[in-house]
Amino acid sequence: MNNEILQHRRRAAVPRGIATAYPTFVSRAENAEIWDVEGNRLIDFAGGIAVLNTGHRHPRIMEAVRQQLDSYTHTAFQILPYAPYVEVCERLVQLAPIKNAKAVLFSTGAEAVENAVKIARAATGRPGVIAFSGGFHGRTAMTTALTGKVSPYKTGFGISPPGIYHVPFPVPQHGTSTEDSLKALDTLFRTDIGPDNTAAIIIEPVQGEGGFHPAPVDLLTKLRGICSRAGIVLIADEIQTGFARTGKMFGVEHSGISPDIMTVAKSMAGGFPLSGVIGRADIMEEAEPGGLGGTYAGNPVSCAAALAVMDVIAEEKLVERANTVGTRIKTRLQEIAKRNDSVPIAALRGPGAMVAFDIVRKEDGQEPDAVAAKRVTQAALDAGLVLLSCGVFGNTIRILNPLTITDDILDEGLDILEVALKTALETED
């Protein structure tokens, strides 16, 4: 079996609507390393899109899963409940920066966002939801509507559900300030939907797919005040920023504010499907019995994994490790940015180990170069490094290596990245 044969089979059986970054099929993985079906070794700087903060197959997590498999794998919590679900919710409300909180579990990030909106609407009796340009919240009908990017997420899928509005997200290198965002929100309130018809404002503490742009503290503080005064539910989408990635347990903690609701998923269960909504108890209690849930929501195997993940984060001090790893990455990238023998890079950013930079045509960062970014990611893969691009212009390189990565593997990956940046310049058309 090889990659070419599997790619042929994939094209024959899987529709093109689900894209795959690379035609490289995985055989096995361990911590921050992956081997494909042909035996090629890869260093993982993608982490399954921020799912593997604790690395591939962490021994503590795998043991917890094995123990759960020997007991039971499913009953549906709505039929016969089980302790791991309750224990995960107890841990989440203890960790979240929300007082007097309750939590409910689901399977995917999109499910969590959908249900957060449902809860906000039930609590306020209002229909409207405001999101931000460049934000990514999922691929279901509702979450695609919330996502602030047309291609490829909305292309060909018709008109979005009503009641969804967007305002610009502040990105300095794109010429948008916090003041611009707040002015746009004020205009929206005066022209399209009033605060009294707005159930929620949803925001990522650091935009993920949108390009790893941190939400300015001033913006989050102002949004907290606006929502409190108008009775609007403030939702922090922590699906990509949660569980130590940003150098805090949750990304919103950098701002010092307390959201009303948080959505969590991705690294919550170390690769097993699990998501959740954490929120103020008075808000969470507004949904009627039976209004929340799902057949697989809060699967016991995933819950066992999540409990182990939270233990690993605490015991291995991964919050602190994220800051150490992030500093190491940024220091190296700052050195590379001073060179003139690679494609120009600009706007190095991101808290903790949620690091990104832009590939540009000029060193001043004014001209995005998505084509060169693709050359960088392909050159990296060819040399043994899994790397992802993102951003509204497709020119951002994001780094999401496991927080458990060893220093030598991290440095090896950064060596490959440096070579890839040089190769991308050499192969420029």
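Predicted model, so just to flag it, every value in this text is computed and none were measured.

(A) A look at the sheet that holds strand β2 (residues 33–36). A sheet is described by the order of its strands in space; here 4 strands give the open sequence β1-β2-β3-β13, paired in mixed fashion. Strands with a single pairing partner mark the edges of an open sheet, and in this sheet they are β1 (26–30) and β13 (385–386). Bridge analysis of strand β3 (residues 41–44) against β13 gives 2 bridges, and the strand direction is parallel. Bridge pairing in β13 places Ile 43 opposite Leu 385. Against the sheet, helix α13 (residues 407–426) engages β2, β3 and β13, with an angle of about 100° to β3.

(B) Representation of the packing of aromatic side chains in the model. Inspection of the entire model under this criterion finds 7 aromatic pairs. Consider the rings of Phe 77 and Tyr 85, whose centres lie 3.6 Å apart with planes at 10°: the pair is stacked. Residue classification places Phe 77 among the partly exposed residues on the basis of a relative accessible area of 22%. Overall, Tyr 85 belongs to the buried group, its relative accessible area being 8%. Pairing Phe 243 with Phe 250 gives two aromatic rings, centres 5.5 Å apart and planes at 70°, and the pair type is edge-to-face. Exposure class is identical for Phe 243 and Phe 250. Each is buried. Among the aromatic residues, ring-to-ring pairing joins Tyr 72, Phe 77, Tyr 82 and Tyr 85 into one connected group. Lying over the aromatic face of Trp 35, Arg 28 brings its terminal NZ or CZ to 4.0 Å of the ring centre.

(C) Quick look at the sheet that holds strand β12 (residues 355–359). Overall, antiparallel pairing links the 4 strands, which are arranged β11-β12-β15-β14 in an open sheet. Each end of this open sheet is capped by a strand with a single partner; those strands are β11 (345–349) and β14 (388–390). Along the sheet, successive strands turn relative to each other by an average axial angle of 30°, direction set aside. Two strands pair when backbone bridges link them, and β11 and β12 are joined in this way by 3 bridges, in the antiparallel orientation.

(D) Here's a closer look at the side chain of Thr 263. Inspection of the secondary structure assignment puts Thr 263 in strand β9 (residues 261–264). At 3.1 Å, the side chain of Thr 263 forms a polar contact with the side chain of Asp 237. Leave out the neighbours within four places in its chain, and Thr 263 touches Ala 112, Val 113, Ala 116, Ile 235, Ala 236, Asp 237, Glu 238, Ile 239, Gly 276 and Val 277.

Procedures and definitions
- Residues numbered from 1 in each chain as written.
- Predicted model: local features only at pLDDT ≥ 70, side-chain atom pairs only at ≥ 80, totals over all residues.
- Heavy atoms only, no water.
- Pairing = 2+ DSSP bridges.
- Helix = DSSP H or I, 4+ residues; strand = E, 2+ residues; numbered from the N terminus.
- Contact = heavy atoms within 4.5 Å.
- Axes fitted to C-alpha atoms, helices over the stretch in contact; angles between N-to-C directions.
- Phe/Tyr/Trp six-rings, centres within 6.5 Å; stacked < 30°, edge-to-face > 60°.
- Buried < 20%, exposed > 50% of the residue type's maximum accessible area, 1.4 Å probe, protein only.
- Lys NZ or Arg CZ within 6 Å of the ring centre and 35° of its normal.
- Polar contact = N/O pair within 3.5 Å; in protein donor to acceptor, adjacent residues only side chain to side chain.

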